[in-house]
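Descriptive analysis of the structure
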2 protein chains.
Amino acid sequence: MDTETLTAAIAAFVQKSLGRWRAQRSVHHLAFGHFEQVESELEIAPVAVDAPAVVTLCEAWGVTPEMAIAPFAMKWEGRSDWDGGQEVLAGECLLVPVPLQGKLLRDRGYAETVPAAGILWFGADGTFVLTTPYERAAAEERIWFVTDDVRYRVSSICTSSGKGVVTASFSTEIRRLD
Amino acid sequence: MDTETLTAAIAAFVQKSLGRWRAQRSVHHLAFGHFEQVESELEIAPVAVDAPAVVTLCEAWGVTPEMAIAPFAMKWEGRSDWDGGQEVLAGECLLVPVPLQGKLLRDRGYAETVPAAGILWFGADGTFVLTTPYERAAAEERIWFVTDDVRYRVSSICTSSGKGVVTASFSTEIRRLD
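The following refers to the structure shown. Please read all numbers here as calculations on a predicted model, not as lab measurements.

**Regarding the overall build of chain A**
- Helix and strand counts for chain A come out as 2 helices and 10 strands.
- Reading the secondary structure of chain A in the N-to-C direction produces α-β-β-α-β-β-β-β-β-β-β-β.
- By the compact-globule yardstick of 16 Å for 178 residues, chain A fits well, its C-alpha radius of gyration being 16 Å.
- Looking at chain A as a whole, 28% of its 178 residues qualify as buried.

**What about the relation of the copies chain A and chain B?**
- Under the fitted operation, chain A is carried onto chain B by 0.0 Å of movement along the axis and a turn of 180°, and the coordinates agree to an RMSD of 0.0 Å. On this basis, the relationship between the two copies can be described by a two-fold rotation axis.

**Details of helix α2 (residues 52-60) of chain A**
Residues and elements named next belong to chain A.
- For α2, the full list of buried residues reads V54, L57 and C58. All buried residues of α2 project into a common sector of 100° when viewed along the axis, lining one side. Opposite the buried face of α2, at more than 90 degrees from it, the exposed residues are P52, T56, E59 and A60.
- Elements in contact with the buried residues of α2: β4 (87-98) and β5 (103-106).
- Looking at the residues trailing α2, positive phi occurs at G62, about 70°.

**Concerning the pairing of strand β8 (residues 137-147) of chain A**
All names here are of chain A.
- Across 6 bridges, strand β7 (residues 128-133) lies against β8 in antiparallel orientation. When the sheet's bridge partners are listed, P133 is paired in β8 with A138.
- Between the end of β7 and the start of β8, which pair antiparallel, lie 3 residues.
- In this structure, β8 lies alongside strand β9 (residues 150-159), joined through 10 bridges in antiparallel fashion. From the neighbouring strand, A138 faces β9, where its bridge partner is C158.
- Joining the antiparallel neighbours β8 and β9 is a turn of 2 residues.

So, how was this worked out
- Residues numbered from 1 in each chain as written.
- Chains lettered and ligands numbered in written order.
- Predicted model: local features only at pLDDT ≥ 70, side-chain atom pairs only at ≥ 80, totals over all residues.
- Helix = DSSP H or I, 4+ residues; strand = E, 2+ residues; numbered from the N terminus.
- Rg over C-alpha atoms; globule rule 2.2 N^0.38 Å.
- Buried ≥ 20, exposed ≤ 12 C-beta atoms within 10 Å, placed from the backbone.
- Least-squares fit on C-alpha atoms with pLDDT ≥ 70 in both.
- Arc of directions from axis to C-beta.
- Contact = placed C-beta atoms within 7 Å.
- Pairing = 2+ DSSP bridges.

In short, the description is geometric, and any link to function would need to be established separately.
As structure tokens, this is what we get:
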């Protein structure tokens, strides 16, 4: 996929993703066959390309802000049934796509809470695929729209060798229209 | 994808799928935000192209058995936490790929327990995609290997118009080596 096509695909994908979503997420901890259930609310909002946080993140990765397109912020708040309790999870992160490098920069990662840069691409059927190497793990996320208002997200956390899957999760996200 | 490429892709996919698998499956009932958990054992075994059951299934769909390749049988036995109980689920079905038509015939369906024929294809990244229209619903399954011994299966049951998702499920399947 050339840079122009990738730029258009990213812009369209981010545009479709904007809004508020109600998410149902199942996490499979494969080694011990455990199921975890998470219910959450997501909010995905556009961020200006010249916002200070975007400029800072680009500079941290040696990228000029002109190379970034369609930055967005993702906020989540949810509850997990992990450990029998009702753990409250909440967070926010900034995501900055850089099509020329095929990268997605984020100010905090998914597998580890440190800044991360993932490699992004789109499958022939429009599936968004993001792979992110971390120091002790590698994460892969696949996101696709089933309808305009329903999207699926499958995430894996693998050992850094890529040979074993530690955790797999599936999130069904329904657009909130209220 | 031409018939020859599809034939090779199907043969390779079935070959990789043979064996016994331990599956962890989460079902999301979207309308009412319910989570269902299923633990099961799967067994996928090859079936001879000239086996009587294969010939009968082909004939029922007006296909000559010579058009079939790599038929296989899938057996499952599992337990669901649905309704708080420990419902036991068990079943078996025969699946017959017909590359020339891009179809997968099965003697019992997933969304409805009647014979069904789905349209199958492979994504550029090797994901197996099967869509099956039923009388009152449509099902889509996507299966891909994360490693040789771990495969994911995402299934959706949609209203027949394709506009709404009723049920989404995610299964992580680990090869049993014992």
